[in-house]
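Here is what each chain is made of, one letter per residue.
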Amino acid sequence: MNAYSIFDSLFDDMMGTNPSVYTASSRTPRVDVTADDKAYYLDMELPGFCEENVNIELDNKALTISSKECKEDKKEKNEKKVFIKERRCMSFSRTFTLPDDIDAENISAVFKNGILTLTMPKVELPKPKKILISAA
């Protein structure tokens, strides 16, 4: 696995296996993935969500970000007559394969202004060890 495997699912979507990712009616939140020398950063658009409705799990190198099924407030629905209803509650799930140089114990997440930002610090991977051959 190389350092760019986090992009695997994004490239799959762009190549046509899931073209709805980039449409306005998509149920899959859009992400930006960037990196510097210290960490990888994943920014996910989640307008209308709050941190209580978002779940982040790391299983080995598989990072899954999902939402709980949200339920509309029935009290509000009964009190108001609806003329236009374009916004709806939705759930989603996205899984990313992380590169080997992620410090899994120190991943952090911040949710602000409808953007979920994950900071995934890098660790230095062990260098290959050269084995010397001795003459018999």
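Figured I'd write up the structure that's included with this text. Each chain carries its own residue numbering, running from 1 in the direction its sequence is written. Side-chain atom pairs in this predicted model are given and counted only at pLDDT of 80 or more, local residue features only at pLDDT of at least 70, and totals for whole chains, interfaces and linings cover all residues. To obtain the side-chain values, all non-hydrogen atoms of the structure were used and water was disregarded.

**Re unusual backbone geometry**
The line we're drawing: In this description a helix means any DSSP run of H or I spanning at least four residues, a strand means any run of E spanning at least two, and both kinds are numbered starting from the N terminus.
Positive phi outside glycine occurs at Asn60, with the angle close to 60°. Among the structural elements, Asn60 can be located in the loop between strand S3 (54-59) and strand S4 (62-67). With a phi close to 55°, Asn113 is a non-glycine residue in the positive phi region. Along the chain, Asn113 falls in the loop between strand S6 (108-112) and strand S7 (115-121).

**Structural notes on the pattern of salt bridges**
Quick reminder of the rule: Every case where a carboxyl oxygen of Asp or Glu lies within 4 Å of a side-chain nitrogen of Lys or Arg is listed as a salt bridge. With a 1.4 Å probe rolled over the protein chains alone, any residue whose accessible area is under 20% of its type maximum counts as buried; one over 50% counts as exposed, and the rest are partly exposed.
The full count for this structure, using the stated rule, is 1 salt bridge. Between Lys127 and Glu124 there is a salt bridge, with its nearest N and O atoms 3.5 Å apart. Like Glu124, Lys127 is exposed.

**Some thoughts on the sheet that holds strand S1 (residues 31-35)**
Inclusion rule: Here a strand pair is declared whenever DSSP counts at least two bridges between the two strands. To obtain an axis, a line is fitted to C-alpha atoms, over the contacting stretch when the element is a helix, and the angle between two such axes runs from 0 to 180 degrees between their N-to-C directions.
In space, the 4 strands of this open sheet follow the order S1-S2-S7-S6, with antiparallel pairing throughout. The sheet is open, and its two borders are formed by S1 and S6, each paired with just one other strand. Pairs of neighbouring strands in the sheet enclose a mean axial angle of 15°, with direction left out of account. Inspection of the sheet shows S1 paired to strand S2 (residues 39-45) by 5 bridges, in the antiparallel sense. Within the sheet, the bridge partner assigned to Asp32 lies in S2 and is Asp43.

**What about the sheet that holds S3?**
Read from one edge of the open sheet, 3 strands run S3-S4-S5, paired in antiparallel fashion. Edge positions in the open sheet fall to S3 and strand S5 (93-97), since each of these has one partner strand only. The mean angle between the axes of side-by-side strands here comes to 15°, regardless of whether they run parallel or antiparallel. Relative to S5, S4 runs antiparallel, the two being bridged by 5 bridges. The residue of S5 that forms the bridge with Ile65 is Arg94.

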